[in-house]
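An overview of the molecular structure
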Amino acid sequence: MAAFTITLPSGKSWTPQYAASINEEKCIGCGRCFKVCGRDVLQLVGLTEDGERIGVSADPEDDDDEEYEKKVMTIANPENCVGCEACMKICPKKCYTHAAADAPLA
Ligand code: SF4
Ligand code: SF4
């Protein structure tokens, strides 16, 4: 199936690449991607020793209770993503995988 593509006002075409996954092994929970995403797609969570996920602030300045082993970014609301790839471009650890969407059937 063909990828979903948009025609820009310039006449050029653009294929949005949507945030598909974040590598939690590589993620350092720095929050940079969260800051550049204006679409409420991402959420920072704390991973506990038992693998449980708990809500934490995305602001590194905030003093969370240290009840988790590490913080990782997650894709909480993928339906809000517009495929701009700003999150991938700013990520210092290359955690993101993006993918085009299928074009809707005519
Ligand atoms: S691709 Fe853009 S809209 Fe989607 S999660 Fe990344 S920054 Fe947000
Ligand atoms: S920018 Fe990369 S390393 Fe930082 S929180 Fe986002 S995914 Fe994790």
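Up top is the structure.
I will try to describe carefully the structure that is included in this document. (Residues numbered from 1 in each chain as written. Chains lettered and ligands numbered in written order. Predicted model: local features only at pLDDT ≥ 70, side-chain atom pairs only at ≥ 80, totals over all residues. Heavy atoms only, no water.)

**A short note on the pattern of salt bridges**
Under the definition given, this model contains 1 salt bridge. Notably, a salt bridge pairs Glu24 with Arg53, separated by 3.0 Å at the nearest N-O pair. You can see Glu24 sitting in the loop between β3 (18-22) and α1 (32-36) and its partner Arg53 sitting in strand β5 (residues 53-55), a full 29 residues away along the chain. (Salt bridge = Lys/Arg side-chain N within 4 Å of Asp/Glu carboxyl O. Helix = DSSP H or I, 4+ residues; strand = E, 2+ residues; numbered from the N terminus.)

**What about the sheet that holds β5?**
Ordered by their spatial adjacency, 3 strands build an open sheet running β5-β4-β6, and the pairing between neighbours is antiparallel. A single partner strand is all that each edge strand has here, and the edge strands are β5 and β6 (70-75). Adjacent strand axes in the sheet meet at a mean angle of 45° when their direction is disregarded. As defined by bridge partners, strand β4 (residues 42-47) adjoins β5 across 3 bridges and the pair is classed as antiparallel. Residue pairing across strands places Val45 opposite Gly55, the latter belonging to β5. (Pairing = 2+ DSSP bridges. Axes fitted to C-alpha atoms, helices over the stretch in contact; angles between N-to-C directions.)

Any link to function would need more than the numbers given here.
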